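Structural characterization, general
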There are 4 protein chains.
Amino acid sequence: MTPKEVLATMLEKDEFTKWLGLKIDKIESGYCSLHFKVKKEMLNGFHSIHGGVIFSASDSALAFAANSHGSIAVALDVSITFTKPAKEGDVLYVEAKENHLGNKTALYDIQTKDSEGNLIALFKGTVYRTGKEIVKNQI
Amino acid sequence: MTPKEVLATMLEKDEFTKWLGLKIDKIESGYCSLHFKVKKEMLNGFHSIHGGVIFSASDSALAFAANSHGSIAVALDVSITFTKPAKEGDVLYVEAKENHLGNKTALYDIQTKDSEGNLIALFKGTVYRTGKEIVKNQI
Amino acid sequence: MTPKEVLATMLEKDEFTKWLGLKIDKIESGYCSLHFKVKKEMLNGFHSIHGGVIFSASDSALAFAANSHGSIAVALDVSITFTKPAKEGDVLYVEAKENHLGNKTALYDIQTKDSEGNLIALFKGTVYRTGKEIVKNQI
Amino acid sequence: MTPKEVLATMLEKDEFTKWLGLKIDKIESGYCSLHFKVKKEMLNGFHSIHGGVIFSASDSALAFAANSHGSIAVALDVSITFTKPAKEGDVLYVEAKENHLGNKTALYDIQTKDSEGNLIALFKGTVYRTGKEIVKNQI
């Protein structure tokens, strides 16, 4: 399967990515960029975007990049640093790049920026590569 | 304000916590426990709970514990390790404990477990304490 | 091999642990506690213990706890939070506990405290379990 | 003070950096690159470089980059991922880049590579900026 076919298979049943309203801009082997708009349901009690939403969009980008090689990869460890809040209506751009592709694990760097290019959060994620092939009818 | 009053003030406008369906079990100074049920909209493309949802529930527990002292605290750095997947219908229990309370920063440990006590994820979060008092009418 | 035999085998050639002057207090399956004294060579330019020394002692405790099961485990991802500085002459106590033991990975929590019980650093480490048995003559 | 003057002041008393044998290649505002040779005393029980040594060299690079602005910055949270072991005699290259410079905190990305350009470890560090000026005679 190509990275685009894997993505299509994954997106078909990914209910949370649908809820988040993620729009995929580019998918390649080991790479994914996407964007989304901050909506009211994504705010915390201080009128800022909930940190969990930024994490979730980054985690989706990680999943799409890490699974693009055609075998199932699951997030193991993630570290995220929040540098700037975002508000309702902001459009956020998320980009996942592969830093290392090993046999059993792989490492990704995911940056979230606002429309002016300010860094909102930096996400570093390690995945465990299960070795199981992604098959369209099985997931 | 007491920890309970702070929580009530935060929850009033926390749209994402509402969407997640988080039920607060206990709130004290530097402590919060809560639970929620995994619903269909929380699943990823592999029929498991999206890692972002586990992070989000943990991040909410962190926020409630860290703000319980009455001054605004914002998440700075978080590290999360995923140890076991969860499925639709599972009830997950999240517990946030304070490991260190400094003048400018504080450190929390948040565990997510399933109903049988299995560890689902371990979250370690550092917050920056802004020193701004939480006031009911201002947020 | 028992946890004590594994430890003895590992310590025999562990030059850096020797340099650090780590004294093992207790070793059990999935557990290790040790202590050491902060010496002049461990200081940074601000007369405090170098963060790398605290990390190193924690990382050694992680290695002893994670390898105690008799198969080789290597550190994959670590997150450390520094909460309080330490000075020359301080004795630091490091305790590694197993939070999760999976087939391929395991998760440990390592706390470093001073002699008054103040938290100096909190270390969360994930190891990859290679499945290779530790044999006395091979390492 | 210029970045070079700050570095000279810090190095004067940094005993652990001396022990590690770190050679500074470049220092600029928010940036530092250095290299060092893996010596016998840096090995763990498996004949590989101890993870603590890689962390320590990265942490020194972080300190030099973060303090280059002339005010004291202390490491708060660090996440490190180990991707490849190194052996005695290897020369390792460490590069610290500033990802974000805020008023109270700043964020750095530190990569360690071997002489062939293979990634050995990826280190993400957040510092707390104390606001205290670095003065030559005070440290």
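The preceding data block contains the structure.
Report on the accompanying structure. (Residues numbered from 1 in each chain as written. Chains lettered and ligands numbered in written order. Predicted model: local features only at pLDDT ≥ 70, side-chain atom pairs only at ≥ 80, totals over all residues.)

Here we come to the interface of chain D and chain B. Frequently, the measure chosen for interface size is the accessible area that the parts lose on association. Across the contact, 7 residues belong to chain D and 7 residues belong to chain B. For the side of chain D that touches chain B, the secondary structure elements donating two or more residues are strand S3 (71–82) and strand S6 (119–133) of chain D. Of the residues forming the side of chain D that touches chain B, the biggest block, 3 residues, is contributed by S3(D). Broken down by class, the residue content of the side of chain D that touches chain B amounts to 2 nonpolar, 3 polar and 2 charged. (Contact = placed C-beta atoms within 7 Å. Helix = DSSP H or I, 4+ residues; strand = E, 2+ residues; numbered from the N terminus. Nonpolar A, V, L, I, M, F, W, Y, C, P; charged D, E, K, R; others polar.)

So, on to the pairing of strand S3 (residues 71–82) of chain C. Burial within S3(C) is extensive, with 10 of its 12 residues counted as buried. Pairing of S3(C) with strand S6 (residues 119–133) of chain C, which is carried by 10 bridges, proceeds in the antiparallel orientation. What sits directly across from C:Ser71, in S6(C), is C:Glu133. Where S3(C) lies against S3(D), 5 bridges are found, and the strand directions are antiparallel. Looking across to S3(D), one finds that C:Ile80 is bridged to D:Val78. (Buried ≥ 20, exposed ≤ 12 C-beta atoms within 10 Å, placed from the backbone. Pairing = 2+ DSSP bridges.)

What follows covers the interface of chain B and chain A. Every contact between the two is made by 33 residues of chain B and, on the other side, 33 residues of chain A. Of all the elements in the fold, those that place two or more residues in the side of chain B that touches chain A are helix H1 (3–12), helix H2 (15–20), helix H3 (51–67) and strand S3 (71–82) of chain B. The element that contributes the greatest number of residues to the side of chain B that touches chain A is S3(B), accounting for 8 residues. Split by residue class, the side of chain B that touches chain A holds 16 nonpolar, 9 polar and 8 charged.

Attention now goes to the sheet that holds strand S5 (residues 105–113) of chain D. As summarised here, the arrangement of the 12 strands in space is S1(C)-S2(C)-S4(C)-S5(C)-S6(C)-S3(C)-S3(D)-S6(D)-S5(D)-S4(D)-S2(D)-S1(D), forming an open sheet in which the pairing is antiparallel. Looking at strand neighbours, the two that pair on one side only are strand S1 (23–28) of chain C together with strand S1 (23–28) of chain D, the edges of this open sheet. The mean angle between the axes of side-by-side strands here comes to 20°, regardless of whether they run parallel or antiparallel. The sheet contacts of helix H3 (residues 51–67) of chain C involve S1, strand S2 (31–37), S3, strand S4 (91–101), strand S5 (105–113) and S6 of chain C together with S3 of chain D, and relative to S5(C) the element is tilted by about 135°. (Axes fitted to C-alpha atoms, helices over the stretch in contact; angles between N-to-C directions.)

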